Every structure is written in C-alpha cells, then in structure tokens.
Amino acid sequence: MGRPSDDRVEPFIVVSPELQVMPGPLFASDGRVDLRPVAEEDHDAIARDMNHPDLRVPGGGPTGPTDADAVAEFVEWLRNDDNTGFVVCAEGGYVGLVTLREDGFQGRVATYGVWITPDAQGRGYATAASELAFEWAFDQHGYHKVAANVFAFNEASMALMESLGFTEEGVHREERFADGEFVDVHRYGLLAREWR
C-alpha cells in the first residue's frame, strides 16, 4: 500500500474475520496491520501509552499524569466531527494509535499523528498504519493535504515523515516546551498529488 510505484492495483480495505483480533469493527488492513475505531476496551492501553515517557515527551503529549477521565476526554475528542482516530492492531492486539485532526478553512487539511507502543516499535507499524490512514484521508475523505508537527529531537519521527514522502515546510523556533526546555517544531506537509 502507500504510494504505488508500479501499475499494481491493490484493495484498500480487506475485511477478514481472522484479522479482526480486537473488539470493534475492522476499518482497514494491509494484511499485517489493521486499523479500527477506538473502543472502550482500548482505554487502558491508550492511558498506558499516554503516560509512557518514551511516547508522551517526543509526541508532545500531556505534561502530567493521564487518568481514566483524561483518556475518556481524549477519546471523545477523537470522535468529534473534525477528528479521526484509529487503533493500530498487529501481533494479535493493540500496538498504537493514528490520528487525523481536520484543520483549515475548508476542511481539506488534516494534522496527523501516530504513536506505536514502545514494545512494538521498530517493526514498521507506524509506516503501515500511516499508509492505511493516508489512503483513506486522500482517496475516501478527500483531504488535499496532511500535515505533521515534529519536535527537533524526535529523529525517528522525522525519518518517518521523509520515508512517507512528506516535505519539510518550515521550523517554528522554540515553539513547544518539552522535557524541560523550549524546542523547535518542524512542520511537514504531504499533498494528495504527492501521495499518489
């Protein structure tokens, strides 16, 4: 999936009972990674990840502890008409989350984020989940652009942006406070025509 470099035609959504390993309906799959809507059963895993310093700090998450109420608020925020969130499933269960937040005057630009739980990192799940989300965002939802903001010290996310075809569009100097200091935020963008 992703940016096809040849003439193969691959289906976007593959529905298979054996792939539906977590509660809730399967939304998209590439045969290795599944995306599905966030369900109440995911709240504990989301809270664990939102509190994990290896995800919370580089991702710009909450500065304090995340409790059950905060997770419920976050999930409710994901259900807002302008936001979309998918649980990323692989290896028989939850491995992370991918989100798109609609921005812009005409609603054709989305800010994207992805996290993969630390125990499942380094296996290509962020790339696969992002590709599935972008297929939906551009081809099904009609977004014109997906943007991402990455802290200057988050080299893994910068590498992910480049591998997905994003262009670095600028740097917002010392814009966010993270890990005890103000840090630069790199802005990336990917246009629909660049994805295809």
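Just above sits the structure.
None of these values were measured; they are calculated from a predicted model.

## Considerations on the overall build of the chain
Okay, step 1: Summing up its helical and strand segments, the chain has 6 helices and 8 strands in all.
Okay, step 2: For the chain, the N- to C-terminal ordering of α and β elements is β-β-α-α-α-β-β-β-α-β-α-β-β-α.
Okay, step 3: Within the span of the chain, comprising 196 residues, buried residues form 45% of the whole.
Okay, step 4: The long-range fraction of contacts in the chain, counting pairs at least 24 apart against all pairs at least 6 apart in sequence, stands at 57%.
Okay, step 5: Put simply, the chain shows about 10,400 Å² of open surface, and 47% of that area lies on carbon and sulfur atoms.

## Focus on the side chain of threonine 111
Okay, step 1: Topologically, threonine 111 is positioned in strand 5 (residues 109-116).
Okay, step 2: Threonine 111 gets classed as buried once you look at its relative accessible area, which sits at 7%.
Okay, step 3: Beyond its immediate sequence surroundings of up to four residues, threonine 111 is in contact with Thr99, Leu100, Arg101, Asp103, Ala147, Asn149 and Arg187.

## Section: helix 4 (residues 125-140)
Okay, step 1: Here helix 4 contains 16 residues, and its C-alpha end-to-end distance of 22 Å stays within 8% of the 22 Å for a straight helix at 1.5 Å per residue.
Okay, step 2: Across the 16 residues of helix 4, 13 count as buried, placing the element largely inside the fold.
Okay, step 3: Among the residues trailing helix 4, glycine 142 stands out with phi positive, at a value near 85°.

## Thoughts on the pairing of strand 5
Okay, step 1: Pairing between strand 4 (residues 93-103) and strand 5: 8 bridges, direction antiparallel. By the bridge assignment, threonine 99 is partnered in strand 5 with glycine 113.
Okay, step 2: In this structure, strand 5 lies alongside strand 6 (residues 145-151), joined through 3 bridges in parallel fashion. By the bridge assignment for strand 6, threonine 111 is matched with alanine 147.

## Some points on the packing of aromatic side chains
Okay, step 1: Under the definition given, this model contains 12 aromatic pairs.
Okay, step 2: An angle of 55° between the planes, with centres 6.3 Å apart, marks the rings of phenylalanine 134 and phenylalanine 138 as tilted. Taken as a pair, phenylalanine 134 and phenylalanine 138 lie in helix 4 at a separation of 4 residues, close to a single helical turn. The residues phenylalanine 134 and phenylalanine 138 share a single accessibility class, namely buried.
Okay, step 3: Three or more aromatic residues joined by ring pairs make a cluster, and in this case those are Tyr112, Phe134, Phe138, Phe166 and Trp195.

Cut-off values and rules
Residues numbered from 1 in each chain as written. Predicted model: local features only at pLDDT ≥ 70, side-chain atom pairs only at ≥ 80, totals over all residues. Heavy atoms only, no water. Helix = DSSP H or I, 4+ residues; strand = E, 2+ residues; numbered from the N terminus. Buried < 20%, exposed > 50% of the residue type's maximum accessible area, 1.4 Å probe, protein only. Contact = heavy atoms within 4.5 Å. Areas by Shrake-Rupley, 256 points an atom, 1.4 Å probe, with all protein chains shown as cover. Expected span 1.5 Å × (residues − 1). Pairing = 2+ DSSP bridges. Phe/Tyr/Trp six-rings, centres within 6.5 Å; stacked < 30°, edge-to-face > 60°.

Spatial relationships are all this shows, so hold off on functional conclusions.
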